[in-house]
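Observations on the three-dimensional arrangement
Next come the chains, spelled out residue by residue.
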Amino acid sequence: KRMQKDHPFISSTGKRINANKLPREGSYVGLVEWLESERGNGRDYLEEYDNNVEAMCSDMLFKKKIGWYKIDASNLRRTMNRKGFQK
C-alpha cells in the first residue's frame, strides 16, 4: 500500500505502469520529449518551476510523477539544448 501511495506509476510487482507514456529512468531524450508533449497538452511543468531546471529536478513530487529516483539537472539541461527545447 505504501508503494502505491509513494510511487503511483509502479505496480505491486515492481514493474512500471506507463499510462502516460512516461520516459524510462535515465532516458533524458525521452524526458525532454515527454516534457514537450505535456507542454503541448497544456501542462508546462518547467513553467511551474519558473523555468528553473535545477528546482524541477530536485523536487520530490516531480520525481514521483515521472517515476524516477534521481534526475541530473545538467544532463537534462544539456539534452534540452541539443533538442532545441524552448524554456
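Since the structure is predicted, the reported quantities are computational estimates derived from the model, not experimental observations.

**Structural notes on the overall build of the chain**
Looking only at helices and strands, the chain features 6 helices and 0 strands. Looking at the chain residue by residue over its 87 residues, the buried ones come to 37%. The contacts in the chain between residues at least 6 apart in sequence include a share of 53% that link residues at least 24 apart. Approximately 5,700 Å² of the chain is accessible, and the part contributed by carbon and sulfur atoms is 47%.

**With respect to the side chain of Glu38**
Here Glu38 lies in helix H2 (residues 28–40). Discounting chain neighbours no more than four positions away, the residues touching Glu38 are Arg43 and Tyr45.

**Structural notes on the packing of aromatic side chains**
What the rule picks out here adds up to 5 aromatic pairs. Taking the centre distance of 6.4 Å and the plane angle of 75° together, the rings of Tyr49 and Phe62 count as edge-to-face. Placement of Tyr49 in the loop between helix H3 (45–48) and helix H4 (53–58) and of Phe62 in helix H5 (residues 60–66) is noted, with a sequence separation of 13 residues between them. Taken together, the ring pairs connect Trp34, Tyr45, Tyr49 and Phe62 into an aromatic cluster.

**Describing H2**
When the terminal C-alpha atoms of H2 are compared, their 18 Å separation across 13 residues agrees well with the 18 Å that a helix rising 1.5 Å per residue should span. Taken as a whole, H2 has its buried residues at Tyr28, Gly30, Leu31, Val32, Trp34, Leu35 and Glu38. Buried residues along H2 sit against H3, H4, H5 and helix H6 (73–83).

**Description of unusual backbone geometry**
You will see that Asp50, though not glycine, has its phi angle at about 55°, which is positive. Structurally, Asp50 can be placed in the loop between H3 and H4. Although it is not a glycine, Asn51 adopts a positive phi angle of roughly 60°. You can see Asn51 is positioned in the loop between H3 and H4.

Criteria and cut-off values
- Along each chain, numbering runs from 1 in the same order as the chain's sequence is written.
- Owing to the predicted nature of the model, reporting of local features is limited to residues with pLDDT of at least 70; listing and counting of side-chain atom pairs is limited to 80 or more, with chain, interface and lining totals taken over all residues.
- To get the side-chain values, take all heavy atoms of the structure and skip hydrogens and water.
- To qualify as a helix, a DSSP run of H or I must reach at least 4 residues; to qualify as a strand, a run of E must reach at least 2; elements of each kind are numbered from the N terminus.
- Here the term buried applies to any residue with accessible area under 20% of the maximum for its type, exposed to any over 50%, and partly exposed to those in between, with areas from a 1.4 Å probe on protein chains only.
- The criterion used for residue contact is that any of the two residues' heavy atoms lie within 4.5 Å.
- Reported accessibility uses the Shrake-Rupley method at a 1.4 Å probe radius. Residues are deemed covered only where the shown protein chains occlude them.
- For Phe, Tyr and Trp, where Trp contributes only its six-membered ring, two rings pair if their centres lie within 6.5 Å, and the inter-plane angle classes them as stacked under 30 degrees, edge-to-face over 60, or tilted in between.
- Multiplying one less than the number of residues by 1.5 Å gives the expected span of a helix.

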